[in-house]
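Listed below, chain by chain, are the residues.
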Amino acid sequence: MNEFLHAPPFDLYELQLFRLVVQHRSFTKAAQLAGLTQSAITRQIQGMEASLGLELLERTTRSVRSTPAGEFLFHESARLIGDVEASLQRLREQFAGARQEVRVGISRSIGHAYLPGFFHANLRRHPQVACRASYQPSADILAALEANDLDLGVLCPPPRLPQTVRVTHRFEDTFTLLASRELAAAFLALPNSTKTRTAWLLKQNWLLIDDATNTGRKLRGWMKRQGLPVEPTMQMDGFDPIINLVALGLGISLVPIRALALYGRKQTLRRLPMRERFVRELVVVVRRHRKTPAHVAQFVANVLF
């Protein structure tokens, strides 16, 4: 028998207590959440450290932080805890009659107009399968997939995806230059000269997707190559508020054409002509080293790209 099974240094309950302490950097807060006294949770962590022969946490009078060993255990255990929770959920779904559920993480840079395409067909064809959707930064979606807190994610991928996830679908998302009716009229009144129109664009207030996002970084690089190295007046992490602010005349922006589907009747919005259009890639990703449950695979197959 494996030595860790014969004499385990900790059990899943103790591991979860350790994770609470690390997440909240406090024995007091972790004890409150676990319904224990602070001394009880301290003894549990000390028992783990004694069994492992490693110091997991550095304690001061004001705070708690992980040692390198503790940080390693915290990150590695996310997948273990997530796998156990996912297995229990599948057990309840298949043998205890629990309702099947698909947990979807959607990047904040993906507008509300995309959501019907993600959910409508599955809700119509398989109404017995519930959906739990959340808007998150792409990095958080990838971390949640690794921890089995999500079944799939929809995002603009970073230059390199973690080896623990795989892409099931890829699709292109084309952008357009957007302005209010008044600003569009001023732009179109200019001579049809690249130099003149570029100079006008450089003088405008730009409302752009945050450059901390994957889309934002890729968009800024493309704009520089187009001769538009602008400093935005405002950055936001979603396109829906940007579109509404453009409609109010607060500036111009580059936004996905598909995101404008919800604003078809807004007479205050105008799309401006462009010599070249920015195109980003969006992907659907799932965990690589885990069999995708049938109802999750079914959900992905029903997404209208």
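Residues numbered from 1 in each chain as written. Predicted model: local features only at pLDDT ≥ 70, side-chain atom pairs only at ≥ 80, totals over all residues. Heavy atoms only, no water.

Participant: Please explain the overall build of the chain as it appears in this structure.
Facilitator: A count of helical and extended segments in the chain gives twelve helices and eleven strands. In summary, the chain has a C-alpha radius of gyration of 25 Å against a globular reference of 19 Å for 305 residues, an excess of more than 25%. Across its three principal axes, the chain shows a C-alpha extent of roughly 80 × 50 × 30 Å. Per-residue burial for the chain yields a buried fraction of 45% across its 305 residues. Sequence-distant contacts, at least 24 apart, represent 73% of the contacts inside the chain between residues at least 6 apart. When the accessible surface of the chain is split by element, carbon and sulfur atoms take 53% of a total near 16,500 Å². Averaged over its 40 positive side-chain charges, the chain has a centre that lies 10 Å from the centre of its 26 negative ones. (Helix = DSSP H or I, 4+ residues; strand = E, 2+ residues; numbered from the N terminus. Rg over C-alpha atoms; globule rule 2.2 N^0.38 Å. Buried < 20%, exposed > 50% of the residue type's maximum accessible area, 1.4 Å probe, protein only. Contact = heavy atoms within 4.5 Å. Areas by Shrake-Rupley, 256 points an atom, 1.4 Å probe, with all protein chains shown as cover. Lys, Arg positive; Asp, Glu negative; His and termini not counted. Charge placed at Lys NZ, Arg CZ, Asp CG, Glu CD.)

Participant: Looking at this model, I keep getting lost on the packing of aromatic side chains. Mind explaining?
Facilitator: Note on aromatic pairs: each is described by the distance of the centres and the angle between the planes. The tally for this structure, following the rule as stated, stands at seven aromatic pairs. Seen from their ring centres, Phe-175 and Phe-278 are 4.9 Å apart, and the 80° between their planes marks the pair as edge-to-face. One end of the pair, Phe-175, is in strand E6 (residues 165-180); the other, Phe-278, is in the loop between strand E10 (269-272) and strand E11 (279-287), and 103 residues separate them in sequence. Exposure class is identical for Phe-175 and Phe-278. Each is buried. An aromatic cluster of at least three residues, connected via ring pairs, comprises Tyr-114, Phe-118, Phe-119 and Phe-299. A cation over an aromatic ring shows up here: Arg-19 above the ring of Phe-74, its NZ or CZ 4.3 Å from the ring centre. (Phe/Tyr/Trp six-rings, centres within 6.5 Å; stacked < 30°, edge-to-face > 60°. Lys NZ or Arg CZ within 6 Å of the ring centre and 35° of its normal.)

Participant: Would you mind going over the packing of helix H6 (residues 115-125) against helix H12 (residues 294-302) with me for this structure?
Facilitator: A pair of packed helices can be characterised by two numbers: the angle between their axes and the separation between those axes. For the pair H6 and H12, interaxial distance at closest approach is 8 Å and the crossing angle is 120°. Put simply, H6 runs oblique to H12. In terms of crossing hand, the pair formed by H6 and H12 is right-handed. Contact with H6, carried on its side by Gly-117, Phe-118, Phe-119, Ala-121, Asn-122 and Arg-125, involves Gln-298, Phe-299 and Asn-302 of H12 and no other residues of that element. (Axes fitted to C-alpha atoms, helices over the stretch in contact; angles between N-to-C directions. Parallel < 35°, antiparallel > 145°, perpendicular 65-115°, else oblique. Left-handed = near helix turned anticlockwise from the far one by under 90°.)

Participant: It is not clear to me how empty space enclosed by the protein should be interpreted in this structure. Could you clarify?
Facilitator: Over the atoms, a rolled probe matching the size of one water molecule traces out where space is still vacant. Applying the stated rule across the entire model yields one cavity of 30 Å³ or more. Of the volumes computed, that of the largest cavity is approximately 110 Å³. As for the largest cavity, its lining consists of 13 residues, and the residues nearest its centre are Asn-148, Asp-151, Arg-287, Arg-290 and Pro-293. When contributions to the lining of the largest cavity are tallied by element, the ones reaching two or more residues are helix H5 (68-95) and E11. (1 Å grid on protein atoms, 1.4 Å probe; cavity = no way out; pocket = protein on both sides within 12 Å on 5 of 7 lines; lining within 4 Å. Points joined across faces, edges and corners; volume = space filled by probe spheres on them.)

Participant: What am I meant to see in the pairing of strand E4 (residues 130-136) here?
Facilitator: A regular strand carries its side chains on alternate faces of the sheet. Of the pairings in the sheet, the one linking strand E3 (residues 101-107) to E4 comprises seven bridges and is parallel in character. Looking at E4, one finds that Arg-103 is bridged to Arg-132. Taking the sense of rotation as the criterion, the β-α-β connection linking E3, H6 and E4 turns out right-handed. (Pairing = 2+ DSSP bridges. Right-handed = clockwise from strand over helix to strand, strands pointing away.)

Participant: Could you clarify how one ought to interpret unusual backbone geometry in this entry?
Facilitator: Among all residues except glycine, the phi angle is most often negative; among peptide bonds, the trans geometry is most common. Of note in this structure, Arg-25 is not a glycine but carries a positive phi near 50°. On the secondary structure map, Arg-25 appears in the loop between helix H2 (12-24) and helix H3 (27-34).

Honestly, that's just the spatial picture; any functional story needs more than this.
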